[in-house]
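Overview (structure and organization)
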Amino acid sequence: MSRFVDRVTIHATAGNGGHGCSSVHREKFKPLGGPDGGNGGNGGDVTLVVDPQVHTLLDFHFHPHAKAGNGRPGAGANRDGANGEPLILPVPDGTMVLDRDGRLLADMVGAGTTFAAASGGRGGLGNASLASKARKAPGFALLGEEGEVRELVLELKSVADVGLVGFPSAGKSSLVSVLSAAKPKIADYPFTTLQPNLGVVNSGSDIFTVADVPGLIPGASAGRGLGLEFLRHLERCAVLAHVVDCATLEPGRDPVSDIDALEAELAAYQPALQADTGLGHLADRPRVVILNKTDVPDAAELAEMVTPELQARGWPVYAISAVSHKGLKELTYALADMVRQYRIDHPKPVARRPVIRPIPTDDNGFSVIADPDQPGGFIVRGTRPERWIKQTQFENDEAVGYLADRLNRLGVEAELVKQGAEPGCPVTIGDVSFEWEPQTPVAEDFPMSGRGTDIRLDRPERIGASERKIARRLRRGLDVDAEDPDERG
């Protein structure tokens, strides 16, 4: 038995980036071939795409976990790793994407509309890409970043021009079946319709869609019956059509009281609308009243009796019979005119061009705040510092020294000094905490040691002005004890 699912929670996991490779070119008679480690591949993205052939979120109900492919690690001989395979998830037209707190992230309307559900991690750089004047043959590479993990709520709201509103067994499904080629389930008991049914109607040169949604009962706006299933799928409709059963024998039921009950539920549903979708209040949509089942003599008399009262409210009224097709032609043309006018009055918004806002030159991209959990400690926050922490191999001293140089160039050390950080105080970046050692000389001011090591980390307290002077002389090819003409005077 088929099922209709219009609200699911998915867990999107993007692919991890591949690690960079640390390798040295080795060839006969070329002992110092230089670094040749390739970069890691980027992780695959998870992307939602509107597919006109998909009409329900049922697949996500049974398979809520979606994971893209991981990037491959780099290799020697400057071979970069392959990028991870992206994962594309088709969703129905009208799908809304919300976060765990219910905030709207995307309103996906129109075939081909995409939304990046989770971004893949960047691949780590190999040592060939990390080579510089200070590090001619790095003995380390950067790690790949982990892919983004997000929990998203998908909510489907049918995209239709005309929404049929009515009590159970009012004849909404029968009306859709005669106006279009749709064949919804029709039976002689209430709540036959358990899912929205869409039909395409041709009226001369106009084409519009009609939605038959689950029937309404009093209290639907509070969740009684199938109320929320009913009301959610009316939010995008341009015209609301009240379908009234004029042949009902239930006590206390008549066309006017039925419409009043329907209007009360539409008004009460306002708090459940997404305010930032721009869809507006249901009470503001154009109305039309359809008095159904007038093939029954008593129903025809009742329809004729209540028509003046309903027309006095400013609504067009049409008496029809879905069985005998009485009045269907007039109703079809009237609905087409109302939809056409609504489209003229409410044109589709033009897709906004992306706005690129350059980062100010004084924006260093990080912030330093006091650590509330550790007295005298500090927390460094920022996209770049936190990403660099994840890319670092902390068992490799040279990689740690490279991280220190990056943080120093970014201005983290200067900001810590400005805020009164003391040597040895705890500093936390991302999920890593360490004891801060200020004024560690940068790589350009000190000769690098063997691959994978960093003398600055072995004896930072012994590196002072004299060591820096010796380093400068060694780089210039001068003897350590010789007089440097640049240092005279």
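Check the entry above for the structure.
Quick summary incoming for the structure in this document. Here the structure is a predicted model, which means the values were calculated and not measured.

Cut-offs and rules
Counting from 1, residues in each chain are numbered in the order their sequence is written. Since the coordinates come from a predicted model, pLDDT governs what is reported: local features require at least 70, and pairs of side-chain atoms require 80 or more to be given and counted, while whole-chain, interface and lining totals use all residues. Calculation of side-chain values draws on the structure's entire complement of heavy atoms; hydrogens and water are dropped beforehand. We count a stretch as a helix when DSSP gives it H or I for four or more residues in a row; a strand needs E for two or more, and each element gets its number in order from the N terminus. Contacts between residues were defined by any pair of non-hydrogen atoms, one from each residue, lying within 4.5 Å. The span one expects for a helix is its residue count, reduced by one, times 1.5 Å. Working definition: with a 1.4 Å probe on protein chains only, accessible area under 20% of the residue-type maximum means buried, over 50% means exposed, and in between means partly exposed. Throughout this description, a polar contact denotes any pair of N or O atoms lying within 3.5 Å of each other; where both atoms belong to protein, one of them has to be capable of donating a hydrogen while the other can accept it, and for residues adjacent in sequence the pair is counted only when both atoms sit in side chains. In this analysis, strands are considered paired if DSSP registers two or more bridges between them. Between N-to-C directions, angles cover 0 to 180 degrees, with each direction set by a line fitted to C-alpha atoms, over the stretch in contact for helices.

As for the environment of A141
- Counting through the fold element by element, A141 comes out in the loop between α2 (127-130) and β8 (149-156).
- The spacing of A141 and L130 is eleven residues in sequence and 7.5 Å in space, taken between C-alpha atoms.
- Residues within four places of A141 in sequence aside, it is in contact with G20, C21, S22, L125, G126, N127, L130, Q391 and Q393.

Looking at helix α9 (residues 397-410)
- Compared with an ideal rise of 1.5 Å per residue, which puts 14 residues at 20 Å, α9 spans 20 Å between its outermost C-alpha atoms and is within 8% of the ideal.
- Of all 14 residues that make up α9, ten are buried, and the element is covered over most of its length.
- Turning to α9, its buried residues are E398, A399, V400, G401, Y402, L403, D405, R406, L407 and L410.
- A distance of 2.9 Å separates the backbone nitrogen of E398 from a side-chain oxygen at the start of α9, and that oxygen is part of N396.
- Just downstream of α9 lies G411, where phi reads positive at about 105°.

Quick look at the sheet that holds strand β9 (residues 162-165)
- One open sheet holds the six strands; their spatial order is β10-β11-β9-β12-β13-β14, and the pairing between them is mixed. Across the chains shown, the open sheet's two edge strands, defined by having one partner strand only, are β10 (197-203) and β14 (317-319). Within the sheet, the average angular offset between the axes of one strand and its neighbour, ignoring direction, is 25°.
- Pairing analysis gives four bridges linking β9 to strand β12 (residues 239-245), with the strands arranged parallel. From the neighbouring strand, L164 faces β12, where its bridge partner is A241.

Comments concerning the sheet that holds strand β18 (residues 432-435)
- Judged by pairing direction, the sheet is mixed, and its four strands sit side by side in the order β15-β16-β17-β18 without closing on themselves. Edge positions in the sheet fall to β15 (367-370) and β18, since each has one partner strand and no second. This sheet shows a mean twist of 25° between the axes of neighbouring strands, independent of strand direction.

Let's talk about helix α3 (residues 172-179)
- Extensive coverage of α3 is indicated by the burial of six of its eight residues.
- All of the buried residues along α3 are K172, S173, L175, V176, S177 and L179.
- Considering only its buried residues, α3 is in contact with β9, β10, β11 (206-212), β12, β13 (287-292) and α7 (328-345).

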